[in-house]
Amino acid sequence: MFKNLLKYSFRSLRKHKSFVFINVIGLSIGLVCTIIIALFILYELSYDQYNENKDSIYRVILNGKLGGQEVTVTSTASIIAPTMLNEFPEVESFLRLNSRGETIIKYEEKFFTEDAFLEADSTFFSFFSIPLIRGNPKTVLAEPHYVVLSESAAEKIFGDEDPVNKLLQIGNDETHYKVTGIMEDIPEHTHFRASVLGSFMTNPRASDKEWLSNSFDSYVMLKPNMLPENVNDRFAPMIEKYVGPVVTKFFGITIEEFFEAGNKYNMYLQPLVDIHLDPSIEQDLKPPNDPKYLWIFGSIAILIIIIAAVNFMNLSTAQAIKRAKEIGIKKVCGSSQAKLIMQFLNETFILSLTALLLAILITELTLPYFNNLLDLNLQVGYFENWYTIPAFLLLCIVIGFLAGTYPAFYLSSFNPNKVLKGNLRSGKGNGKLRSALVVLQFAISIILIVGTIIMFRQLNYMQSKELGFDKEEIFVISRAGTLDKKVNSFKDELMKVKGVMSVSASTAIPGRNNNNNGYVIKGRQEESFLLQTCWADHDFLKTYGMTLESGRFFDKAGSGEEEGCIINQVAVKSYILDDPFATRFMVGRDDPEEMTIMPVIGVVQDFHHESLRNPISPYIIRFKHDDMNWGYISIRLAPNISSDVISEIEDVWESFTAGVPMQSFFVEKDIERMYREEKQNGQLSVLFAIIGIIIAALGLYGLTSFAIAQRTKEIGIRKTYGATIANIWYLFAREIIILVVISSVIAIPLIWWVADTWLQNYCYRISLEAFDFLYGFLIAIFIALITISYRIIKTARANPTESLRYE
């Protein structure tokens with residue numbers, strides 16, 4: 001029986017080739033989108049899932065608030081994790097990580113640049129399931145100046161030579177590091193990057209006892225069956241015990257009074273598997289992704305599949321007249337409604353399976369493009385995971401039921417007497433349903449179009465907004481510490497290069513903060529104030545084109561101004577500094593009586609030192625003394641300079657560093673990097689919106705073709721009585737325009753709500769405008785009319801005599 005059903009199904013589909021073609025193309029395109037989006041979502045959800053102990057590993061998060069400025073960060077003090085091990089019975093082990101970022105490694109006389117150098121405690125390999133190829137996981141990081149290389153780093157540095165026990169010079173450290181192990185490359189879907197692991201014990205602050213010096217990522221592994229909530233409850237007593245005396249020492253108030261004043265200092269545990277999709281926490285190891293985009297693209301996949309399924313339903317019911325006699329004859333010959341339903345569902349599953357096979361082929365061809373766009377390595381992995389093939393088959397079945405159930409019941413319900421007597425006509429109810437489905441398709445299309453327009457407008461706004469400094473033509477050299485105490489001499493030599501306008505040394509630059517420090521104000525010692533801190537030289541303001549609101553910047557000819565500071569307007573407003581120049585900021589680590597006192601000598605106009613996702617926060621610029629040799633060298637270049645100028649800068653660098661590779665970037669490109677996620681998602685949205693529109697247009701073209709076929713005689717009669725091509729075109733186009741208008745009425749309130757909610761994630765954002773929605777409506781109208789016009793005009797131009805003979 002099943003064999004006969006398949007035979008009838010294949011025979012029937014061969015008779016309706018245009019119907020098969022449109023549906024297979026539409027479904028396959030929709031399935032490609034669904035597969036790509038599913039791969040992307042699964043990849044994002046797979047972060048850190050490979051770790052064997054993932055359910056017992058947590059990261060310590062610090063939530064602090066000083067002077068009204070609240071931060072939630074991964075940075076914690078070095079002493080916190082060891083204290084938790086000693087005093088929290090739930091904690092089995094701890095791990096501290098410190099990212100040193102891009103680092104220069106020297107072996108013999110060759111220099112190598114490694115993108116990710118990470119300092120880690122000796123417990124690293126018990127926390128993360130990274131296989132060691134060489135070395136003992138318990139001892140490879142147990143001593144200072146031990147280092148473990150990734151397999152790719154070892155091959156790059158040593159080639160075929162055995163790396164173990166070889167010595168490397170890393171960064172400016174005069175003590176050589178000993179290679180103690182080789183590990184497999186860390187998987188991409190890990191919340192940190194590391195091609196080189198150094199022992200955390202090498203860090204001078206590894207044994208630091210300062211409780212308010214928060215610079216490291218701390219992790220704990222809980223004992224079996226221990227609850228993180230119990231650990232969270234223990235943080236408050238620990239803070240009172242250890243942080244309380246520090247607060248009293250510096251602010252002269254108890255920890256209770258500190259909290260009563262509206263300040264915060266608390267910690268909690270974050271599950272390892274939640275790290276990658278939690279952008280609410282500031283972290284340095286690897287930027288997290290926003291889970292809202294998973295919801296957005298997941299919704300897009302569902303909407304596109306709905307459009308493709310609606311196509312099938314519409315085209316199936318539209319061609320009911322063509323299949324009426326076939327159904328009538330089968331019923332007269334004894335076929336039951338159940339058998340006919342099974343046949344039509346079989347046809348749907350055959351089309352769905354054909355579309356799936358075509359979609360898999362298209363996916364394999366287009367996956368390299370998507371990987372390049374997303375900077376990922378997505379793979380289908382048909383046989384790597386047991387659920388891949390069943391998931392494809394389940395998707396095929398779901399689409400088959402979604403698209404084929406209604407047409408199967410509708411077609412199988414025809415009365416054979418009416419059908420064989422030729423009394424069957426396309427009913428009003430059926431026509432209304434098809435119109436409703438077309439409205440649904442175009443409502444979805446308009447949502448995709450308008451959403452894409454708004455996403456791109458927001459991205460363009462972030463990339464073009466005035467930032468409070470001149471980002472163009474600034475070339476930055478990172479790792480200024482390589483110059484040691486020769487920074488000023490290096491600056492002098494650079495100023496001799498033709499095309500160099502100014503040079504500045506600083507510990508931070510816009511887009512790359514370094515320290516978020518706590519300060520007190522003289523006369524207000526009971527309060528505390530949090531400010532992003534940058535140490536900079538005399539030329540910083542000029543190099544970045546910032547504007548002073550009042551006062552002055554550091555003056556080379558000035559006397560004692562090195563002990564002064566410059567703050568931004570937000571600091572003045574946030575901390576209610578009625579007379580900024582009477583304000584004295586105080587800071588120190590050891591003795592409150594010996595705190596450094598810094599008078600405010602200038603107020604700089606606000607500038608964006610972080611992404612536009614975040615509000616401008618209080619900022620302080622302190623003078624960078626010669627002994628602070630770390631940070632950046634910023635070089636303002638003349639407009640339209642040639643590459644020769646960069647080459648000359650590299651030559652100067654080489655002469656000062658004996659061949660150490662120069663690590664550099666342009667500020668403008670670096671700022672674009674902050675919005676890479678928005679740019680990638682915008683490009684994906686455009687692509688998926690186009691695909692959704694194409695699928696809807698395919699269905700509309702098919703519906704128009706069937707409608708014209710049913711009304712061919714009517715067109716011939718109208719032409720006989722003098723109707724023009726324009727009259728015939730308007731006859732059909734009017735219906736489509738009405739449907740698109742109804743689609744817009746449904747879609748616009750929905751996309752307005754979604755877009756407005758999405759924009760709330762940005763502190764600096766565009767306002768929704770009527771043109772955003774008008775453009776969506778006009779694009780939908782234009783595509784709909786272009787889609788149907790060719791078919792209508794072709795029929796309208798035919799000889800009316802041929803139309804009147806049409807059966």
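Note that this is a predicted model, so its numbers are computed, not measured. The residue count restarts for each chain, going from 1 along the sequence in the order it is written. Totals for whole chains, interfaces and linings use all residues, but because this is a predicted model, local features are given only for residues with pLDDT of at least 70 and pairs of side-chain atoms are given and counted only at 80 or more. Note that water and hydrogens are dropped before the side-chain values are worked out from all heavy atoms of the structure.

**Q** Just checking my understanding: could you explain the overall build of the protein chain for this structure?
**A** Strands here mean DSSP runs of E at least two residues long; helices mean DSSP runs of H or I at least four residues long; both are numbered from the N terminus. When helices and strands are counted, the protein chain shows 23 helices and 23 strands. Here the term buried applies to any residue with accessible area under 20% of the maximum for its type, exposed to any over 50%, and partly exposed to those in between, with areas from a 1.4 Å probe on protein chains only. Expressed as a percentage of the 807 residues in the protein chain, the buried residues total 52%. Any pair of residues with heavy atoms lying within 4.5 Å of one another is described as a contacting pair. Across the protein chain, the fraction of contacts at a sequence separation of at least 24, relative to all contacts at a separation of at least 6, is 79%. Of the roughly 37200 Å² of accessible surface on the protein chain, a fraction of 56% belongs to carbon and sulfur atoms. All accessible-area figures derive from a Shrake-Rupley calculation using a 1.4 Å probe, and residue coverage is judged against the displayed protein chains alone.

**Q** Explain the side chain of Thr-452 here, please?
**A** Residue position: Thr-452 is located in helix α13 (residues 428-464). Separated by 2.8 Å, the side chain of Thr-452 and the backbone oxygen of Leu-448 make a polar contact. Once residues within four sequence positions are removed from consideration, Thr-452 is found in contact with Gly-682, Ser-685, Val-686 and Ala-689. Distance and chemistry together define a polar contact, namely a pair of N or O atoms within 3.5 Å, with one atom able to donate a hydrogen and the other to accept it when in protein, and with adjacent residues in sequence counting only for side-chain atoms on both sides.

**Q** Can you help me understand the packing of aromatic side chains in this one?
**A** The relation between two aromatic rings is expressed through the spacing of the ring centres and the mutual angle of the planes. Side-chain rings of Phe, Tyr and Trp (the six-membered ring for Trp) are treated as a pair once their centres are within 6.5 Å; stacked means planes under 30 degrees apart, edge-to-face means over 60, and tilted covers the remaining angles. In this structure the tally under the stated criterion is 30 aromatic pairs. Arranged with centres 5.8 Å apart and planes meeting at 70°, the rings of Phe-88 and Phe-235 form a pair that is edge-to-face. Of this pair, Phe-88 sits in the loop between α3 (80-87) and β4 (91-107) while Phe-235 is found in helix α6 (residues 228-251), placing the two residues 147 residues apart along the sequence. For the pair Phe-88 and Phe-235, a shared accessibility class is recorded, and that class is buried. Ring centres 5.8 Å apart and planes at 80° place the aromatic pair Phe-490 and Trp-653 in the edge-to-face group. Of this pair, Phe-490 sits in helix α14 (residues 487-494) while Trp-653 sits in helix α17 (residues 643-657), and the two are 163 residues apart along the sequence. In textbook terms, an aromatic cluster arises when at least three aromatic residues are bridged by ring pairs, as seen for Phe-40, Phe-297, Tyr-369, Phe-370 and Phe-688. By the criterion adopted, a ring carries a charge over it if an Arg CZ or a Lys NZ lies within 6 Å of its centre and within 35 degrees of its normal. Sitting over the ring of Tyr-764, Lys-465 keeps its end group 5.2 Å from the ring centre. Over the ring of Phe-665 we find Arg-512; its NZ or CZ atom is 4.1 Å from the centre of that ring.

**Q** Explanation requested: the pattern of salt bridges in the structure shown.
**A** Opposite charge on two side chains allows them to pair when their charged atoms are near. Here, a salt bridge means any Lys or Arg side-chain nitrogen found within 4 Å of an Asp or Glu carboxyl oxygen. Per the counting criterion, the structure on display carries 20 salt bridges. A salt bridge links Lys-542 to Asp-539; the shortest N-O distance between them is 3.8 Å. Look at Asp-539 and you get buried, because its relative accessible area is 9%. Here the salt bridges share partners, and the residues they tie into one network are Lys-491, Asp-537, Asp-539 and Lys-542.

**Q** Is there a simple way to explain unusual backbone geometry in this structure?
**A** The backbone of Asn-225 sits at a positive phi, close to 65°, despite the residue not being glycine. If you trace the backbone, Asn-225 turns up in the loop between β11 (214-222) and α6. Residue classification places Asn-225 among the exposed positions, given a relative accessible area of 77%. For Ile-576, which is not glycine, the phi torsion reads 50° and is therefore positive. Tracing the backbone shows Ile-576 in the loop between α16 (569-574) and β19 (584-587).

**Q** Can you help me understand the pairing of strand β7 (residues 146-150) in this one?
**A** On any regular strand, side chains alternate: one points to one face of the sheet, the next to the other face. Judged by how many residues are buried, β7 sits mostly within the fold: four of five residues are covered. Sheet topology places β7 next to strand β10 (residues 196-199); three bridges connect them, and they run antiparallel. Within β10, the position partnered with Val-148 by the bridge is Leu-197. In this description, strands pair whenever DSSP reports at least two bridges between them.

**Q** Whenever I open this one, α17 confuses me. Can you help?
**A** An α-helical turn contains 3.6 residues, so any two residues separated by three or four positions project in the same direction. Taking 1.5 Å per residue as the helical rise, α17 with its 15 residues ought to reach 21 Å, and the 21 Å between its terminal C-alpha atoms agrees with that figure. Packed against the buried residues of α17 are β13 (474-477), α14, β14 (500-506), β22 (632-637) and β23 (664-666). Within two residues after α17, Ala-658 carries a phi angle of roughly 55°, on the positive side. The span you would expect from a helix comes to 1.5 Å times its residue count less one.

**Q** How should the nonpolar core be read in this particular structure?
**A** A general trend in soluble globular proteins is that nonpolar side chains are found buried together. One finds Tyr-544 and Phe-688 to be the most contacted residues of the largest nonpolar core, which totals 110 residues. The residues touching Phe-688, leaving out its near neighbours within four places in the chain, are Cys-33, Ile-37, Phe-297, Ile-300, Ile-304, Phe-370 and Leu-448. Definition of nonpolar core: a set of buried residues of the types Ala, Val, Leu, Ile, Met, Phe, Trp, Tyr and Cys, connected through side-chain atoms within 4.5 Å. Core analysis: the next-biggest nonpolar cluster, separate from the first, contains 52 residues, Ile-80, Phe-88, Ile-567 and Ile-620 among them.

**Q** Sorry, what's going on with the confidence of the model for the protein chain here?
**A** Low pLDDT means the predicted coordinates in that region are not meant to be read closely. Per-residue confidence from the predictor is reported as pLDDT, a score between 0 and 100. On average, residues of the protein chain score 84 in pLDDT, and 89% of them reach the 70 mark or higher. This model gives residues 5-10 a pLDDT under 50, and the stretch forms 13 contacts once residues within four places in sequence are excluded.

**Q** Looking at this structure, I do not really get a negative patch on the surface. What am I missing?
**A** Surface patches are defined over residues having more than 30% relative accessible area and no salt bridge, joining like charges when they lie within 9 Å and nonpolar side chains (Val, Leu, Ile, Met, Phe, Trp, Tyr) when within 5 Å. Counting rule for charge: Lys and Arg are taken as positive, Asp and Glu as negative, and neither His nor the chain ends is counted. A charge is said to be at NZ when it belongs to Lys, at CZ for Arg, at CG for Asp and at CD for Glu. Taken together, the side chains of Glu-151, Glu-155, Asp-160, Glu-184 and Asp-185 present a region of like negative charge at the surface. Turning to its location among the elements, Glu-151 is positioned in helix α5 (residues 151-158).

**Q** Hey, could you run me through the packing of helix α20 (residues 712-720) against helix α21 (residues 725-759) in this one?
**A** When two helices pack together, their arrangement is given by the angle between their axes and by how far apart the axes lie. A fitted line through C-alpha atoms serves as each axis, taken over the contacting stretch for helices, and the angle formed by two N-to-C directions is quoted from 0 to 180°. One can describe the packing of α20 onto α21 by two numbers: an axis separation of 10 Å at closest approach and a directional angle of 140°. Accordingly, the angle class assigned to the pair α20 and α21 is oblique. Regarding α20 and α21, the two cross each other, and that crossing is right-handed. Contacts between α20 and α21 involve Glu-714, Ile-715, Arg-718 and Lys-719 from the first element and Ile-728, Leu-731 and Phe-732 from the second. Only Asp, Glu, Lys and Arg are considered charged in this grouping, and only Ala, Val, Leu, Ile, Met, Phe, Trp, Tyr, Cys and Pro are considered nonpolar; every other residue, Gly among them, is considered polar. Residue classes in the contact of α20 with α21 are distributed as four nonpolar, no polar and three charged. Angle categories: roughly parallel below 35 degrees, roughly antiparallel above 145, roughly perpendicular from 65 to 115, and oblique for all the rest. By convention, the crossing between two helices is left-handed when the near helix turns anticlockwise from the far helix through less than a right angle, and right-handed when the turn is clockwise.

**Q** Please clarify how the environment of Asp-162 should be interpreted in this entry.
**A** Within the element layout of this structure, Asp-162 appears in the loop between α5 and β8 (167-170). Within the structure, the side chain of Asp-162 is placed 3.3 Å from the backbone nitrogen of Val-164, a separation counted as a polar contact.

**Q** I tried to follow a nonpolar patch on the surface on my own but got confused; where do I start?
**A** Judged by side-chain polarity, Leu-353, Leu-357, Phe-383, Ile-389 and Leu-393 come together as a nonpolar surface patch covering roughly 530 Å² of accessible area. For the nonpolar patch, the secondary-structure elements that each account for two or more residues are α10 (337-374) and α11 (388-412). One can find Leu-353 in helix α10.

**Q** Would you explain the pairing of strand β20 (residues 596-604) in this entry?
**A** Of the pairings in the sheet, the one linking strand β17 (residues 548-551) to β20 comprises three bridges and is antiparallel in character. Residue Gly-551 lies in a different strand from β20, and its bridge partner there is Gly-602. As defined by bridge partners, β19 adjoins β20 across four bridges and the pair is classed as antiparallel. In the sheet register, Phe-585 faces β20, and the bridge partner there is Met-598.

**Q** Sorry, what's going on with the packing of α3 against α6 here?
**A** Relative orientation of the contacting elements α3 and α6 amounts to 110°, with a least axis distance of 12 Å. When the axis of α3 is compared with that of α6, the two are roughly perpendicular. For the element pair α3 and α6, the recorded crossing hand is right-handed. From α3, Ile-80, Thr-83, Met-84 and Glu-87 reach across to α6, where they touch Val-231, Phe-235, Met-238, Lys-241 and Tyr-242.

**Q** Help me understand the side chain of Asp-539, please; the structure alone is not making it clear to me.
**A** By the secondary structure assignment, Asp-539 is in the loop between β16 (529-536) and α15 (540-544). Sequence-distant contacts of Asp-539, that is, excluding residues within four places in its chain, are made with Lys-491, Val-503, Ser-504 and Lys-556.

**Q** Is there a simple way to think about the environment of Ala-798 in this case?
**A** Mapped onto the fold, Ala-798 is located in the loop between α22 (770-796) and α23 (800-805). Linking Ala-798 and Ile-715, residues 83 residues apart in sequence, is a C-alpha distance of 9.5 Å.

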